[in-house]
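# Structural characterization, general
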Amino acid sequence: MKLKEIHRTSTFAWSPSSASSLPLLATGTVAGALDESFSNESQLEIWAPNFLDQDEYDLGGIGQNGPKGSVHDTARFNRLAWGYVNPIRPQGVLASGLENGELALWDPSKILAGADASSSLILRNPTAHTGPVRGLAFSPIQPSLLASGG
């Protein structure tokens, strides 16, 4: 059963669980695919689907609700992982594995506040991998650890 549909060709990650709010969803323009508009832009978007609103089914299309925040990037995304919530970053950290082998860490709070890509970027490692980053995960035991693989 479908609850919501976001009209994007993307990879995605759910926000870490929070008892105080509904979950957020991050989408990143997926590498190696065209979207329905044939755009070559690379975007990282954060959505707040309202699962309590039964009239809101489609998101991201013409005349439909859009993302709550977004930034543009120079490379497309292979993987997203959302984790590492702490007192300094209550929305956590959004990690992205890119098609060009780069690894980028983003501040979702800043993206949601409308900051641009350079202000929202926490760290970018241009030499993380020699090929595309195909695996990415925060450790469930020690949430400050991030594993990536090509």
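The sections below set out a description of the structure shown in this document. It should be emphasised that the depicted structure is a prediction, and the values quoted were computed from it without experimental measurement. Each chain carries its own residue numbering, running from 1 in the written order of its sequence. With pLDDT at 70 or above as the cut-off, local features in this predicted model cover only qualifying residues; side-chain atom pairs require 80 or more to be listed or tallied, and sums for whole chains, interfaces and linings still use all residues. Values reported for side chains reflect all heavy atoms of the structure, with hydrogen atoms and water molecules removed beforehand.

### Some words on the overall build of the protein chain
Applied cut-off: Elements are defined by DSSP. Helices are runs of H or I of four residues or more, strands are runs of E of two residues or more, and each kind is numbered from the N terminus. Between buried and exposed lies partly exposed: a residue is buried under 20% and exposed over 50% of the maximum accessible area for its type, with that area taken using a 1.4 Å probe on protein chains only. Here, two residues are considered to be in contact whenever any of their heavy atoms come within 4.5 Å of each other.
Tallying secondary structure elements over the protein chain gives two helices and twelve strands in all. Counting helices and strands in the order they occur from the N terminus, the protein chain gives β-β-β-β-β-β-β-β-β-α-α-β-β-β. Going through the 150 residues of the protein chain one by one, you find that 38% of them count as buried. Intrachain contacts of the protein chain at a sequence separation of at least 6 include 52% that bridge at least 24 residues.

### So, the sheet that holds strand 10 (residues 121–125)
Here is the rule: Whether two strands pair comes down to DSSP finding at least two bridges between them. To get an axis, a line is fitted to the C-alpha atoms, and for a helix only the part in contact is used. The angle between two axes follows their N-to-C directions and goes from 0 to 180 degrees.
Taken in spatial order, the four strands make up an open sheet running 7-8-9-10, and their pairing is antiparallel. Of all strands in the sheet, those with a lone pairing partner are strand 7 (77–83) and strand 10, marking the two edges. Going from strand to strand, the sheet's axes swing by 15 degrees on average, the running direction of each strand aside. The pairing of strand 8 (residues 93–98) with strand 9 (residues 103–106) spans four bridges and is classified as antiparallel. Note on strand 9: the bridge partner recorded for Ser96 is Ala104.

### Let's talk about the pattern of salt bridges
Pairing between side chains becomes possible if they bear opposite charge and their charged atoms approach one another. The condition is simple: Think of a salt bridge as a Lys or Arg side-chain nitrogen and an Asp or Glu carboxyl oxygen that are within 4 Å of each other.
Under the counting rule described, the total for this entry stands at three salt bridges. Here Asp107 and Arg89 are joined by a salt bridge, their closest N and O atoms 2.9 Å apart. Placement of the pair is Asp107 in the loop between strand 9 and helix 1 (108–112) and Arg89 in the loop between strand 7 and strand 8, with a sequence separation of 18 residues.

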